[in-house]
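# Notes for the structure review
One letter stands for each residue in the lines below.
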Amino acid sequence: RNLAINRELWLWPAWWKLWDTNEAISARLGQAGACEAVVDALRAHAGHMHVAEATCAAVCNLAVSSDANRARLAEAGACEAVVEALRAHGGRGTEGFDRGACVAIKYLAINHPANVRRLVSAAGSTAALLQDVERCSVPDAWRRDVARALA
């Protein structure tokens, strides 16, 4: 099991960079099942903060420019998984995790009211979700961006 986690940690930066720089590849990865694979990895290794950091970043990068990927991620359970990871690690993990989780929430929510409802439902309320975000080591502007995306 640890070998699988280490292999995932080694592979994530390459995938993360690829998604970050090419929208067409991001769309094709979404069509090929990357959204589901990322959410499965986040759920399977939720207790491992570094895997949660990498998977939240991957959620962000898949969701940033693709409505279709936002829908795929939500259908796979990303909204709930990211909120669960935020509750487990937010403000207690690394700055990278905090940033990845907050930006993943932002990009899951932008222009997708159904995802906003899922995120808020997973947290219990908008106020509870914003309180979870408040614990994170992120700039205030990022917290405001999350609040605007959830509005």
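Scroll up to find the structure.
Residues numbered from 1 in each chain as written. Predicted model: local features only at pLDDT ≥ 70, side-chain atom pairs only at ≥ 80, totals over all residues. Heavy atoms only, no water.

## Let's talk about the packing of helix 8 (residues 113–123) against helix 9 (residues 126–134)
When two helices pack together, their arrangement is given by the angle between their axes and by how far apart the axes lie. The N-to-C vectors of helix 8 and helix 9 enclose an angle of 80°; their axes lie 7 Å apart at closest approach. As summarised for this structure, helix 8 and helix 9 are arranged roughly perpendicular, according to the angle between their axes. Contacts from Leu119, Val120 and Ala123 in helix 8 reach Thr126, Ala128 and Leu129 in helix 9. Broken down by class, the residue content of the contact of helix 8 with helix 9 amounts to five nonpolar, one polar and no charged. (Axes fitted to C-alpha atoms, helices over the stretch in contact; angles between N-to-C directions. Helix = DSSP H or I, 4+ residues; strand = E, 2+ residues; numbered from the N terminus. Parallel < 35°, antiparallel > 145°, perpendicular 65-115°, else oblique. Contact = heavy atoms within 4.5 Å. Nonpolar A, V, L, I, M, F, W, Y, C, P; charged D, E, K, R; others polar.)

## A look at the packing of helix 6 (residues 78–89) against helix 8
Following both chains from N to C, one finds helix 6 and helix 8 inclined at 40°, their axes separated by 8 Å at the closest point. On the basis of the axis angle, helix 6 is oblique to helix 8. Regarding helix 6 and helix 8, the two cross each other, and that crossing is right-handed. Counted together, Cys79, Glu80, Val83 and Arg87 of helix 6 and Asn115, Arg118, Leu119, Ala122 and Ala123 of helix 8 form the full contact between these two elements. (Left-handed = near helix turned anticlockwise from the far one by under 90°.)

## Quick look at the packing of aromatic side chains
Overall, the coordinates contain zero aromatic pairs when judged by the stated rule. The positively charged end of Arg99 is found above the aromatic ring belonging to Trp142, 4.8 Å away from the centroid. (Phe/Tyr/Trp six-rings, centres within 6.5 Å; stacked < 30°, edge-to-face > 60°. Lys NZ or Arg CZ within 6 Å of the ring centre and 35° of its normal.)

## Brief notes about unusual backbone geometry
Of note in this structure, Asn111 is not a glycine but carries a positive phi near 55°. In this fold, Asn111 is placed in the loop between helix 7 (95–109) and helix 8.

## Brief notes about the environment of Leu108
Residue position: Leu108 is located in helix 7. Looking at Leu108, the relative accessible area reads 0%, which means it is buried. A sequence separation of 38 residues divides Leu108 from Arg70, and the C-alpha atoms of the two residues are 5.7 Å apart. Once you skip the residues sitting within four places of it in the chain, Leu108 turns out to touch Val59, Ala63, Arg70, Leu73, Ala78, Cys79, Val82, Asn115 and Leu119. (Buried < 20%, exposed > 50% of the residue type's maximum accessible area, 1.4 Å probe, protein only.)

Read these as spatial facts, not as claims about activity.
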